[in-house]
Each structure stands twice: as C-alpha cells, then as structure tokens.
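# Close look at the chain arrangement
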Amino acid sequence: MPGSPPVRRLLVAVMLSCAVLVSATACGDSTSNSVATSASSAATPTASAQKQKLAKTRFVANAGLAAGAAYQWIVKPYRAGTFKKGTDGRTFALVKAGLAGGFAYNRLKAAANNAKGDPMLSKAVAPLTAGIESLKELGTKLRKGEAGSGDVGAVESVINGIKDAGKSAGAEVKDKVPSTGQLGGG
C-alpha cells in the first residue's frame, strides 16, 4: 500500500500544499510587518500602546498554533509509537509530523518577531531564539523518519519556554490545534 499510486499522489499533493503554505505565510508575514512598521512611524502614545497590545495578541496566536501543532502531530504520535518502523499509518503520520514541524517553526519565528513589539515580552522571549532556530530542520527530519527522542524533547522544551515567557510577560499561551488545511495537508 505505501507504494501504491493513490498514496504517492496524496504524498505529492501534501508536499506541494506545504510548499504553497510556507511561501504564502512567509510573504504575508513580511507584508504585515512592513505595514505595521510604516504605521508605527507616525506613532502617538495611543498608537504605541495599541501596537504593544497587538504584539501580545499576535504572539499568543502564533505561539498557540505552534504549540498545538507540535503536540497534536509530533509529540502525541511519537509517544504513542506511531513513528516506529512497521507501525500501521507510519508514513502518513511522518508526513503530517513533517508538515507540523515546518509549521511550528514558522509560527515560532513569527511569535518571536511579534514579541519584539512589546518590551516585557521581548526580554522574556529573546533567550529562546536560539532554541527556535535549532528547530529549523525539524520538519525535514520528521518527514524522513530521522527524528528521535532528542528532537521531540527539543520541540517540547522550546514550546514550554515560549509558554513560560509569554506567561511571565502577561501573554498566556494555550495550545490551539490548527486544521490540517492550515498545515498544508488539505
């Protein structure tokens, strides 16, 4: 079954969807940042306070999506043994985990960028940027079935660090599981 044409077509469709999602998300993120930057150049005290509030709101949304995706499609299946060779549904689980890894990395980078708009949040998140950057290749490792307990532990550590940083700055992060459509899987 793993080599059958319908499964191959599904895998190709998932990978193409992921590529479209990542490029669309990256484009949208820089556009919104340039708009926010140009709007803040004419900042008044009220606009500055609003910008900080929006920074926290965006941080919470992006970090929550990263946390939800990481737990739902990486941590939970890993703990259940779904990624082990010979397990039923392993290939599909690895593809979803790979997409979730790329998605989580993308949203964590966006959350770290959002944190820069709030002084307290910025100080709390700054030490975590190296941990976020360490997850850059996570999606690829998961898709190839090369991720191990250290990789899953690193994801959990970074997510927990982001949650703690947000909580200490008054921006509590709760897991929000994105739809598979948001991951690029349909």
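Residues numbered from 1 in each chain as written. Predicted model: local features only at pLDDT ≥ 70, side-chain atom pairs only at ≥ 80, totals over all residues. Heavy atoms only, no water.

Let's shift gears to the overall build of the protein. Each helix and strand counted, the protein has 8 helices and 0 strands in total. The 186 residues of the protein split such that 35% are buried. In the form shown here, the protein has an accessible surface area of approximately 10,000 Å², with 59% of it arising from carbon and sulfur atoms. (Helix = DSSP H or I, 4+ residues; strand = E, 2+ residues; numbered from the N terminus. Buried < 20%, exposed > 50% of the residue type's maximum accessible area, 1.4 Å probe, protein only. Areas by Shrake-Rupley, 256 points an atom, 1.4 Å probe, with all protein chains shown as cover.)

Here we take up the confidence of the model for the protein. Taken over all residues, the pLDDT of the protein has a mean of 80, while the share at 70 or more is 73%. When pLDDT is averaged over each element of the protein, helix α3 (residues 90-115) comes out on top at 95 and helix α1 (residues 5-40) at the bottom at 45. In the model, residues 18-45 has pLDDT below 50 throughout and makes 12 contacts with residues more than four positions away in sequence or in other chains. (pLDDT = per-residue confidence, 0-100. Contact = heavy atoms within 4.5 Å.)

Okay, the nonpolar core next. Generally speaking, nonpolar side chains in soluble globular proteins are found buried as a group. One finds Phe59, Leu108, Val125 and Ile162 to be the most contacted residues of the largest nonpolar core, which totals 43 residues. Per-element accounting of this core gives the leading share, 13 residues, to α3. (Core = buried A, V, L, I, M, F, W, Y, C linked by side-chain atoms within 4.5 Å.)

Turning our attention to the pattern of salt bridges. Two side chains bearing opposite charge may form a pair once their charged atoms approach each other closely. Counted under the stated rule, the structure contains 6 salt bridges. In this structure, the salt-bridge partner of glutamate 133 is lysine 109, at a minimum N-O distance of 3.0 Å. Here glutamate 133 is found in helix α5 (residues 129-133), whereas its partner lysine 109 is found in helix α3, with 24 residues between them in sequence. For glutamate 133, a relative accessible area of 33% gives the class partly exposed. Given the relative accessible area of 37%, lysine 109 is considered partly exposed. Across the pair lysine 163 and aspartate 175 runs a salt bridge whose closest N-O atoms are separated by 2.5 Å. In this pair, lysine 163 is assigned in helix α7 (residues 149-168) and aspartate 175 in the loop between α7 and α8 (180-183), connecting sequence segments 12 residues apart. Assessed through its relative accessible area of 23%, lysine 163 is described here as partly exposed. Overlapping salt bridges, with partners in common, bring together Lys109, Glu133 and Lys136 in one network. (Salt bridge = Lys/Arg side-chain N within 4 Å of Asp/Glu carboxyl O.)

Here the focus is the packing of aromatic side chains. Under the defined criterion, the tally for this structure stands at 1 aromatic pair. Judged by centre distance (6.3 Å) and plane angle (55°), the ring pair of tyrosine 78 and phenylalanine 83 falls under tilted. Given the relative accessible area of 11%, phenylalanine 83 is considered buried. (Phe/Tyr/Trp six-rings, centres within 6.5 Å; stacked < 30°, edge-to-face > 60°.)

With 26 residues, α3 ought to run about 38 Å at 1.5 Å a step, and its terminal C-alpha atoms sit 36 Å apart, in line with that. Judged by how many residues are buried, α3 sits mostly within the fold: 20 of 26 residues are covered. (Expected span 1.5 Å × (residues − 1).)

Now for the environment of alanine 61. By the secondary structure assignment, alanine 61 is in helix α2 (residues 45-80). On the basis of relative accessibility, which here comes to 40%, the residue alanine 61 falls in the partly exposed class.

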